[in-house]
Amino acid sequence: MGLSLGALDLSRAFQHCVLRTNRAAESHDCLRHALSDHVLAWRSDSVETTLYRARTPRLQAFVLRYGAEVEVRPRPFDGFAVVQMPIRGACAIEFDGHRMPLQPGQAAIIAPRREVKLLWSQDCEQLILKVPLKLMSEAACTARFLVSSEPGGDARVHSATLIDEAAQDYWGGLMQGLAGLLMPDAGQPREADPPLPCHASWIGHFEQNVALFLLTQQHGAEGASGDDAALQATERYMRQRLSAPLALADLAHAAGVSERKLHILCKRQHGVSPMTWLRNLRLDAAHEMLRFNARLNVTEAALTVAFGHFGRFSAYYRDRFGTLPGQTARRLQ
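Calculation notes
- Residues numbered from 1 in each chain as written.
- Predicted model: local features only at pLDDT ≥ 70, side-chain atom pairs only at ≥ 80, totals over all residues.
- Heavy atoms only, no water.
- Pairing = 2+ DSSP bridges.
- Helix = DSSP H or I, 4+ residues; strand = E, 2+ residues; numbered from the N terminus.
- Axes fitted to C-alpha atoms, helices over the stretch in contact; angles between N-to-C directions.
- Contact = heavy atoms within 4.5 Å.
- Expected span 1.5 Å × (residues − 1).
- Buried < 20%, exposed > 50% of the residue type's maximum accessible area, 1.4 Å probe, protein only.
- Arc of directions from axis to C-beta.
- Core = buried A, V, L, I, M, F, W, Y, C linked by side-chain atoms within 4.5 Å.
- Salt bridge = Lys/Arg side-chain N within 4 Å of Asp/Glu carboxyl O.
- Phe/Tyr/Trp six-rings, centres within 6.5 Å; stacked < 30°, edge-to-face > 60°.
- Lys NZ or Arg CZ within 6 Å of the ring centre and 35° of its normal.

### Some words on the sheet that holds strand E10 (residues 116–120)
Then, number 1: With antiparallel pairing, five strands are arranged side by side in an open sheet as E2-E5-E10-E7-E8. Two strands bound the open sheet, and with one partner strand each, they are strand E2 (38–42) and strand E8 (98–102). The average angle at which neighbouring strand axes cross in this sheet is 15°, direction not considered.
Then, number 2: Strand direction decides the pairing type here: strand E7 (residues 91–95) and E8, joined by five bridges, are antiparallel. Within E8, the residue paired with Cys-91 across the bridge is Leu-102.
Then, number 3: Packed onto the sheet, helix H7 (residues 259–270) meets E7 and E8 and runs at close to 80° relative to E8.

So, in structure tokens, the structure goes:
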């Protein structure tokens, strides 16, 4: 479940339209400057890009829709992170071999240091919040909250983290507050800014609260290294036993945490349960086998990754890759 969008008034975010175009090159150029440098692949010819921009003094908010199914590969961010939340439609984030699906109201924090793919459905429209890492560092310092830092001193942020379902109500309250503070951002000089909706000191405090909330979702406190180690141990264990029958109890034992704790960590970091994560790793392995080994048939690939029910294997494979396993095998021939 994600944030309920019914009570979220985004009218201020829609007050200034930065871009409305049906030209792919113009769309890419504008978004590269407004958000970040990226590689953009259009999966259909229907380009109807619209971008709105608003801000507070230190946060930038965008509402973006491409009007087409697209694949975005952002370059490593320089000095900021973004929070990405579908308003309608759906998207998915692929990073480090994992896939994190997002439905309307679900939000993820993104700050790629390695390859990340953002996959948007044709009807997807998203609220995107751009947050400076310096603001996160200041918020952590003010709250005496221990975080990992980059060499330059800015807070370190994971490539992608799903905002925890248990914290959605708090995130919703922050977004409602932010929506009421947004000002249209037409790119004019700062001296031409409209009057602030309330005292600058209070807005600064609010911005730090947003940044601190995002840091807590990174589980960046002292116990975070233990959480990361548990997930890494789980992944190593699963990858070494893709062909073996495994239960949730086995994964929790390998991680050194309870089954409930492992479920929370997996949902927070990857957006799926531990057993779904395992299934996705197995499907990814089968996909690679079928793509690069012409001698391997579908049955052998399924059995190699512990799928004894071939109908379920085909259904899960199609859901994940948009094609049947036999079609992948035939492309190699």
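On we go.
### Looking at helix H10 (residues 310–321)
Then, number 1: For H10, spanning 12 residues, the distance from its first C-alpha to its last is 16 Å, which sits close to the expected 16 Å at 1.5 Å a residue.
Then, number 2: When H10 is considered as a whole, its buried residues turn out to be Phe-313, Tyr-317 and Arg-320. Angularly, the buried residues of H10 cover 70° about the axis, an arc narrow enough to put them on a single face.
Then, number 3: Gly-322, located one to two residues past H10, shows a positive phi value of around 75°.

### Observations regarding the nonpolar core
Then, number 1: The biggest cluster of nonpolar side chains holds 72 residues, and the ones touching the most others in it are Ile-93, Trp-120, Leu-129, Met-136, Trp-171 and Leu-214.
Then, number 2: Once you skip the residues sitting within four places of it in the chain, Ile-93 turns out to touch Gln-84, His-98, Arg-99, Met-100, Leu-102, Ala-108, Ile-110, Val-116, Lys-117, Leu-118 and Ala-160.
Then, number 3: Core analysis: the second largest hydrophobic core is formed by 28 residues, Ala-230, Leu-246, Leu-283 and Leu-296 among them.

### Concerning the pairing of E7
Then, number 1: Summarising burial for E7: four of the five residues are buried, a large majority.
Then, number 2: Linkage of E7 to E8, two consecutive antiparallel strands, is achieved through a turn of two residues, within which Asp-96 is found at a positive phi near 50°.

### Considerations on the pattern of salt bridges
Then, number 1: If you walk through the whole model with that rule in mind, you get 14 salt bridges.
Then, number 2: A salt bridge links Asp-37 to Arg-75; the shortest N-O distance between them is 3.8 Å. With Asp-37 in the loop between helix H1 (24–34) and E2 and Arg-75 in the loop between strand E5 (70–74) and strand E6 (80–88), this pair connects stretches of sequence that are 38 residues apart.
Then, number 3: Look at Asp-37 and you get partly exposed, because its relative accessible area is 35%.
Then, number 4: For Arg-75, a relative accessible area of 43% puts it in the partly exposed group.

### Let's talk about the packing of aromatic side chains
Then, number 1: By the definition in use, this model includes 10 aromatic pairs.
Then, number 2: Aromatic side chains Phe-14 and Tyr-52 sit 4.8 Å apart centroid to centroid with 65° between the ring planes, which places their arrangement in the edge-to-face category. Here the residue Phe-14 occupies a position in the segment before strand E1 (17–21), and Tyr-52 occupies one in strand E3 (residues 49–55), the gap between them amounting to 38 residues.
Then, number 3: On the basis of relative accessibility, which here comes to 10%, the residue Tyr-52 falls in the buried class.
Then, number 4: Residue placement shows Lys-130 over the ring face of Phe-80; its charged tip is 4.5 Å from the ring centre.
Then, number 5: When the ring centre of Tyr-316 is taken as reference, the NZ or CZ atom of Arg-279 above it lies at 3.8 Å.

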